[in-house]
Every structure is written in structure tokens, then in C-alpha cells.
Amino acid sequence: MSRFPLTNTLAFVACMSIIGFIGWRAGAEVTEQRMLAEPTAVAVIDIERALNSLTELQDGNQVLMQRVQTRISELTKQQEEMDRIEQELELLPASAVQQQIDLQGRHYQLNESKDALERVYKYKGDVEKGAVLWPLYQKLLEAVDEVASKEGYELVLFDDRQLTLPSDAIRQSVINEVIQQKRIIHASDRLDITDQVIALMNNRYKEGMN
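Definitions and cut-offs
- Residues numbered from 1 in each chain as written.
- Predicted model: local features only at pLDDT ≥ 70, side-chain atom pairs only at ≥ 80, totals over all residues.
- Heavy atoms only, no water.
- Helix = DSSP H or I, 4+ residues; strand = E, 2+ residues; numbered from the N terminus.
- Buried < 20%, exposed > 50% of the residue type's maximum accessible area, 1.4 Å probe, protein only.
- Contact = heavy atoms within 4.5 Å.
- Patch = residues over 30% accessible without salt bridge, like charges linked within 9 Å, V, L, I, M, F, W, Y side chains within 5 Å.
- Areas by Shrake-Rupley, 256 points an atom, 1.4 Å probe, with all protein chains shown as cover.
- Salt bridge = Lys/Arg side-chain N within 4 Å of Asp/Glu carboxyl O.
- Lys, Arg positive; Asp, Glu negative; His and termini not counted.
- Charge placed at Lys NZ, Arg CZ, Asp CG, Glu CD.
- Expected span 1.5 Å × (residues − 1).
- Axes fitted to C-alpha atoms, helices over the stretch in contact; angles between N-to-C directions.
- Parallel < 35°, antiparallel > 145°, perpendicular 65-115°, else oblique.
- Nonpolar A, V, L, I, M, F, W, Y, C, P; charged D, E, K, R; others polar.
- Core = buried A, V, L, I, M, F, W, Y, C linked by side-chain atoms within 4.5 Å.

Counting secondary structure elements, the chain contains six helices and two strands. Beginning at the N terminus, the succession of helices and strands in the chain can be written as α-β-α-α-α-β-α-α. Residues counted as buried form 22% of the 210 residues belonging to the chain. For the chain, long-range pairs separated by at least 24 residues make up 79% of all intrachain contacts whose partners lie at least 6 apart in sequence.

Listed below in C-alpha cells is the structure:
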């Protein structure tokens, strides 16, 4: 048993008081800093809705659709010729060996050509879509900057409030991925500047056409 129980108790209380005092002061300083920090004006924008609502994108899609129709027509012609060859082959007698060989060769050639064209058209379609979307995205960023500067927003965030867990998300890995991707848990609709950006870009596009 300690010979100086009262002295030890007082020393312990003194130490605890110091620790408590330091912790309280640190907390007080943080609170004071937070009180002094100026509030930041924040806005959100739904990039997908903004881009899909642009008249310029819709006009670009119409041009792309015309090209797609032309390409589909070319592929359809090749498929029709292949179908015709298949019908001829069914009608040929077994003795017409050379005709069968010639028709089968032609059918094989058309099939290979059709497959190659489909790959080429798919690649060209991806490139053409990118050629339309990339400059629009750059214009959208400029429009966001302009709206934010005009309205006094200091920070504009990608609005991912529509990102939700899929109904069949039963695996933990899927759930974790969605949770980690989501950045905005809640935001008031008053912070949404999507419609303002859409209106600005559509008006400018219309002015450029006149």
C-alpha cells in the first residue's frame, strides 16, 4: 500500500485535469475555426440530362442517323443477295457441282464482306459519336463556368443523386461499388443549375444558326 495515498490521488486528478483542458481547448479551437470559415456556395448539375436536352446534340444525332440508314441499306443488299444464293443452291441438282462451288464461294465472299463492313461501320459510328459529343461537352463546361460565375457558385458538382442500388444487388461487391461511386447523398433541388445551362446552350446554338 502506498505511503502517500493523498498525494498520489491529487497528482492523478491534476493530470486528468490537464488532459481534459487540452482536449477542450483543441475542440474549442476547431469550433472557432469553423465558425469563422465563410460558407461556400455549391451547385449541382445533371450532365446526362443536360447533354441529352441540347438541340445541337439532337441535330447531330439526326445527321448520324442518316449515315446509319445508308449503311444499313448497304448491309441489307448484301444480305438479300446471300439469301438469293441460298435459294439457288437449294434448287440446284446434285449433279451441278461446279455451279454449287461458284455460288458457295460467292456466298462466303459476301458473308465475309458483310461481317467486315459491320465492324467498320461500328467503329466509324463510335468515332462519329465522339466527334459530336466531345465539343459539346467542352461547351457545356464553359456554360457551367458562366452560370456559376453569374450566380455566385464557387463549386459545381456532378449530380449523381439518380445513382441507386440495382434491385438485384445481392452481392456485397456490387453494393460496395455503388456506394463508393456515389458522391452526393442529398442536395436540394434549389442547387440544381441543369436547366439554366441547357437554356444558355440552346439559345446560343439557335443564335448561331440565324
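Glancing now at a negative patch on the surface. A contiguous patch of negative charge on the surface is contributed by E80, D83, E86 and E90. With respect to the helices, strands and loops of the structure, E80 is situated in helix α3 (residues 55-91).

What follows covers a nonpolar patch on the surface. A cluster of nonpolar residues, M65, V68 and I72, forms a patch on the protein surface that exposes about 240 Å² of accessible area. Mapped onto the elements of the fold, M65 is located in helix α3.

Now for helix α6 (residues 194-209). A rise of 1.5 Å per residue sets the reference length of α6, with its 16 residues, at 22 Å; its end C-alpha atoms lie 23 Å apart and thus fit the reference within 8%. Within α6, burial applies to T194, V197, I198, L200, M201, N202 and Y205. Looking at the buried positions of α6, the neighbouring elements they touch are β1 (42-45), α2 (47-52), α3 and α4 (97-151).

Moving on: the packing of α3 against α4. Relative to each other, α3 and α4 sit at 175°, their axes nearing to 9 Å. As judged from the angle between their axes, α3 and α4 are roughly antiparallel. Tallied by class, residues from the contact of α3 with α4 come to twelve nonpolar, nine polar and 14 charged.

Before going further, it helps to examine the nonpolar core. I45, L140, I193 and V197 are the most contacted members of the largest nonpolar core, which has 17 residues in total. Listing elements by their share of this core, those giving two or more residues are β1, α2, α4 and α6. Broken down by element, the residue count for this core peaks at five residues, all from α4. Excluding residues that lie within four positions of it along the chain, I45 makes contacts with A50, L140, V144, V156, L157, F158, D159, D192, I193, T194 and V197. Counting six residues, the second largest nonpolar core, distinct from the first, contains M82, I85, L92 and L110.

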